[in-house]
Amino acid sequence: MPFRTLPEALTSFLGRADEKDRLVELHRSGARLVSLLGPGGIGKTRLARVAAEALERQEPALRTWFCDLSAAADDDSAFALIAAACDAELGELGADQRTDGLVGALDEGPGVLILDNFEHLAPHAETLVGQLVARTEQLSVWVTSRTALGLPGERRFAVNALSLDDAVSLFVDRATLVAGEFDVDDATHEACLRIAQATGGVPLAIELCAGRAGLLSPAQIADRAEADLDLYKDQHGDRPERHQSLRACIQASVDLLSDVERRAFAQCSAFRGGFTVESAEAVLHLDGATVLDALSQLRFRSLVQSQAGADGGPARLYMLPALSAYADELLSDDDRKSVRARHLAHFAEVALALEAATRTADGSAAFRRLVDERENFDRAMAEASDVDPGAGVLCGAALHPLAMARGPFDVAFRYYQLALDLAQQSGDDALVGAVTFWRGEARRATHDFSGAREDLDLAVAAFERAQSDWSPAAERLGARRMFAACLAERARVLTELERHDDAVADVERGLALVKDSPEPYPRYLLVKERGFSFLHRARFDEARAAYDEALELCKAQGDLRRTGIILIHLGLIQHWTGQFDEAEEALQGALEIAQTMRDYLTETYTGWNLALVAHVRGRFTDAERLFARSLEIAERTNKRVAAQRLIGDRGVLHISLGRYDEAKADLEVGIAGSTGAANQRYAGVFRAFRAIAGAMAGDDDDYAQHFAKARADFDESPIDAFYVGAAHVVRAARARQVMLGGDVPQAEQERDAARADFDAWLDEAPGALSHVLRALLTRFARHAEQMATPGGVLAHDDEGHYRLEGVTEVIDLSTSQAPRRVLDALIGSHLLDAEARVSVEDLFEQGWPGERAVDHAAKNRVQVAVSALRRAGLKPVIDSTRVGYRLTPALIVERRPL
């Protein structure tokens, strides 16, 4: 058996699979000298041993040696320890002869020598390591160290903190060893996550915390781990002295620093969540020494780690939480106050620059930097009360666009309250106006229109008090343009509340404020809200003109995010006026922008509107997918009301698919989310469709109850005529149920009344609106006509079973995916418009999603699938047409258990 001195592990090794594989691959690629670098306790030793064991299994001839050099005081004692680990007899040999002796012992075949805890021997690296590598041919040396060696050919391998999942697993594993089994329920898992975050994923810190298990609950450990460095102590005394406490481990690294490096290390504690070199140069004061050189040394000694910037952005440096806590203890009270004041001042300027950049062509990069610096903004605002409250408010300027783009709003509202407290402490009305404006905009985005109106009224009043004499902080914030933006936002809310004259007055007042300003912002916000008012009054030509103007202004500013928002409204106009191709083009453009900028809120509304268009066009699979994605984002970003209305619209889709129970449940959620003056018409339309679902399911009482409520919800504004159309066609659905019950005369009476109501509504409503409901609801108006000339009933369920009543037994297509998808596509088209034909191209796309084929091959596949359906017994109800296929128009399709 090959010689080995690797210590046997007493505990399981968790995580780091990728790092282990990369280290093994480095050896195989011929790397002879590898330095595993990282702060104390990060897991360098264990990783080296596990990777060496993996190599032993893969290469039976490989020899491995392990040598702990923590007790070596100089090169002589280090040589003795290495020789003992390698079983080499060196006796009283001189330096050159000692190296020769080691070479003879180590170079008899392929081998890996692990030199552990080398940092204090770095001055002797050439003698102990460099010459050994140079004078052997088959030996690889792995060095674990907190400091790089600086030798030629050295491959530096950074050992980083564990991922959150691996850190949680490690804590649970080690805590179980200490305290026995314990259930990891949701509350315990949340506490374990907090421990993982507080420890920064440092294995030693996690294991020391786990040593407290049994005495403290995971939640208690988490509370202390976030604030008490003295929690991290070995309770059993079975660790090496340097690992008896996290404090001792860090101290060993700090002892290697010069005075300047120690000052830089201490001042870096001001940062949270990482920082750039430029930020460090603004915040750190080192009395003439260059910050760049000091940071290089801290990184060299693994006290600061680096990470490449995303998408070409600036590289970021960061300190592990325990290191930062220790570094803060090195500051005197005066030094701590000074460095945090510089940190606040710097990030106030960064916030203003990034907030402005979000409205330019560099908006995507600005949002990435906002995410990177979020914890620094948090820290600056938390310290601002004792330093400069106004500067703290300026930091909030960066958090607001981030909240509006990505949420979650429950977190955002806590920031707004902190910023408002700082603004009020500053006594600056303009700053109070800014923060209440931000909060009002966020409340509008969460559909709290009454709360938004209240905040925006307060904001306008505060700006009015301040505008005669803007403070320096207000000038830096751009309070004048923010006042105009606040008026635009209030106009939006007033429009939602049907206060159109007041909304237009706010728009005109805002335009007057910025008439002499050369920049397009916030002029395009005001023009956009003018368009929104026109849209709500169904004045589509005027709305389109306003949005086109706003789009040009927005593009001139380079505001990519709001370009996407305007495209959504243009798509909405085109949708409502029946221009579905143009609507999808505009909405797809908005979706691409939202995804590029990771603007989750805009992505929610874009996907939502695309789902509505897909539904109208009969692409039900696409509609379901888009609803699911939009709903997931709305829930993740805490947009509760938007999520409820999304679910309500999904309920309408369920009706089109014949899923009446699911439709009822979803529509009830939509009704619950549509309360208050600004949302009441949405409640009305959801109740109208809820009545349809009841009628389709044959529940007379349910139908009557919701039909009456729907009519009560509608008012007389022009846009609401659109929704009234849904209530009129309820009667057509009712006619169908009467027909199924056998009362043909009453059914015909119901049918005629429904048609009269529907036609009367089309005459009264704005002509363009009819396109949407005509397409979406025609199938309900057709039911009575279909029953007059029965064409059979095709029943189906969700499991892929179909039956043509009175003609076939159950047809099982659950394992025949392509024919099933083709039949479902025909059913979907039939439910939307019984006269419509589905082209071969569309059937191929639905039957074989994601595949590509030349025209004749696609046609052959569709023909084979249709032939299979006909052979199964559906020949009487599948019509061939010149442009494709359809189900017989008189056919009734029912979804029910089979």
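This one's a predicted model, so the numbers in the text were calculated from it and none came from an experiment. (Residues numbered from 1 in each chain as written. Predicted model: local features only at pLDDT ≥ 70, side-chain atom pairs only at ≥ 80, totals over all residues. Heavy atoms only, no water.)

As a further point, take the nonpolar core. Membership of the largest hydrophobic core comes to 200 residues, with the highest contact counts inside it found for Trp142, Phe265, Phe377 and Trp438. When neighbours within four sequence positions are excluded, Phe265 is seen to be in contact with Val254, Leu257, Leu298, Leu303, Met319, Leu323, Tyr326, Ala327 and Leu330. In terms of nonpolar packing, the next biggest core, distinct from the first, is built from 30 residues, Ile82, Leu106, Leu113 and Ala125 among them. (Core = buried A, V, L, I, M, F, W, Y, C linked by side-chain atoms within 4.5 Å. Buried < 20%, exposed > 50% of the residue type's maximum accessible area, 1.4 Å probe, protein only. Contact = heavy atoms within 4.5 Å.)

Here helix α37 (residues 817-832) contains 16 residues, and its C-alpha end-to-end distance of 22 Å stays within 8% of the 22 Å for a straight helix at 1.5 Å per residue. The element α37 is extensively covered by neighbouring structure, given that 13 of its 16 residues are classed as buried. (Helix = DSSP H or I, 4+ residues; strand = E, 2+ residues; numbered from the N terminus. Expected span 1.5 Å × (residues − 1).)

Next up on the list: the pairing of strand β13 (residues 884-887). In the case of a regular strand, side chains alternate between the two sheet surfaces. With burial as the criterion, each face of β13 is covered, one bearing Gly884 and Arg886 and the other bearing Tyr885 and Leu887. Taken together, the three bridges between strand β12 (residues 878-880) and β13 define a ladder with antiparallel strand orientation. The residue of β13 that forms the bridge with Asp879 is Arg886. (Pairing = 2+ DSSP bridges.)

For the protein chain, the average pLDDT comes to 84, and 87% of its residues sit at 70 or higher. Low confidence marks residues 716-725, where pLDDT is under 50. Its contacts with residues over four positions away, or in another chain, come to 30 contacts. (pLDDT = per-residue confidence, 0-100.)

Another aspect to go through is the sheet that holds strand β8 (residues 793-796). Strands sit in the order β10-β9-β8-β14 across an open sheet of four strands; the sheet is mixed. Here the strands that pair on one side only, and so sit at the sheet edges, are β10 (811-812) and β14 (892-895). Those strands touched by α37 are β8, β9 (801-804) and β14, and its axis lies near 60 degrees from that of β9. (Axes fitted to C-alpha atoms, helices over the stretch in contact; angles between N-to-C directions.)

What follows is about the pattern of salt bridges. In this structure the tally under the stated criterion is 53 salt bridges. The salt bridge involving Arg443 is made with Asp455; its shortest N-O contact spans 3.1 Å. Pair noted here: Arg443 is in helix α19 (residues 429-445) and Asp455 is in helix α20 (residues 449-466), with a separation of twelve residues, a long-range link. Residue classification places Arg443 among the partly exposed residues on the basis of a relative accessible area of 22%. Linking Arg619 and Glu584 is a salt bridge whose minimum nitrogen-to-oxygen distance equals 2.5 Å. Of this pair, Arg619 sits in the loop between α28 (600-616) and α29 (620-636) while Glu584 sits in helix α27 (residues 580-596); the two residues are 35 residues apart in sequence, bridging distant segments of the chain. Arg619 sits in the partly exposed class, given a relative accessible area of 26%. One salt-bridge network, in which partners are shared between bridges, spans Asp328, Asp333, Arg336, Arg340, Arg379 and Glu383. (Salt bridge = Lys/Arg side-chain N within 4 Å of Asp/Glu carboxyl O.)

Take Glu59: it is sitting in the loop between α2 (44-58) and β2 (63-68). Under the relative-accessibility criterion, Glu59 is labelled partly exposed at 24%. Separated by 51 residues in the primary sequence, Glu59 and Pro110 place their C-alpha atoms 9.3 Å from one another. Excluding its chain neighbours within four sequence positions, the residues that come into contact with Glu59 are His27 and Arg28.

Glancing now at a negative patch on the surface. A surface patch of like charges, here negative, comprises Glu181, Asp183, Asp185 and Asp186. If you trace the backbone, Asp183 turns up in the loop between α6 (164-179) and α7 (186-199). A residue is classified by how much of its surface remains accessible, and Asp183, at 68% relative accessible area, is exposed. (Patch = residues over 30% accessible without salt bridge, like charges linked within 9 Å, V, L, I, M, F, W, Y side chains within 5 Å. Areas by Shrake-Rupley, 256 points an atom, 1.4 Å probe, with all protein chains shown as cover. Lys, Arg positive; Asp, Glu negative; His and termini not counted. Charge placed at Lys NZ, Arg CZ, Asp CG, Glu CD.)

This brings us to the pairing of β8. Relative to β14, β8 runs parallel, the two being bridged by four bridges. Bridged to Val793 within β14 is Ile892. Taken together, the three bridges between β8 and β9 define a ladder with antiparallel strand orientation. Within β9, the position partnered with His796 by the bridge is Tyr802.

Turning to the packing of aromatic side chains, a few remarks are in order. Scanning the model with the defined rule gives ten aromatic pairs in all. Seen in terms of ring centroids, Phe409 and Phe413 are 6.3 Å apart; in terms of plane orientation they differ by 40 degrees. Their pairing is tilted. Here the residue Phe409 and the residue Phe413 both occupy positions in helix α18 (residues 409-426), the gap between them amounting to four residues, near one helical turn. For Phe413, a relative accessible area of 26% corresponds to the partly exposed category. With 5.7 Å between their ring centres and 15 degrees between their planes, Tyr605 and Trp608 make a pair best called stacked. Here Tyr605 pairs with Trp608, and both are found in helix α28, just three residues apart, close to one helical turn. On the accessibility criterion, Tyr605 (23% relative accessible area) is partly exposed. Overall, the relative accessible area of 5% leaves Trp608 in the buried class. The structure contains a cluster of three or more aromatic residues connected by ring pairs, namely Phe271, Phe275, Phe347 and Phe377. Cation over ring: Arg359 sits above Tyr521, and NZ or CZ is 4.3 Å from the ring centre. (Phe/Tyr/Trp six-rings, centres within 6.5 Å; stacked < 30°, edge-to-face > 60°. Lys NZ or Arg CZ within 6 Å of the ring centre and 35° of its normal.)

Of note, the bond from Gly407 into Pro408 is cis; its omega dihedral lies within 30 degrees of zero at -10 degrees. By the element assignment, Pro408 lies in the loop between α17 (389-406) and α18. Look at the link from Tyr521 to Pro522: it is a cis peptide, with omega at 5 degrees. Among the structural elements, Pro522 can be located in the loop between α23 (500-513) and α24 (523-536).

On to the packing of helix α30 (residues 640-656) against helix α31 (residues 660-672). Interhelical geometry of α30 versus α31 gives an angle of 155 degrees and a closest axis separation of 7 Å. As the angle between them shows, α30 and α31 are arranged roughly antiparallel. When you trace α30 past α31, the crossing you get is left-handed. Of α31, the residues touching α30 (which contributes Gln644, Ile647, Gly648, Arg650, Gly651, Val652, His654 and Ile655) are Tyr660, Glu662, Ala663, Asp666, Leu667, Val669, Gly670 and Ala672. Residue composition of the contact of α30 with α31, by class: eight nonpolar, five polar and three charged. (Parallel < 35°, antiparallel > 145°, perpendicular 65-115°, else oblique. Left-handed = near helix turned anticlockwise from the far one by under 90°. Nonpolar A, V, L, I, M, F, W, Y, C, P; charged D, E, K, R; others polar.)

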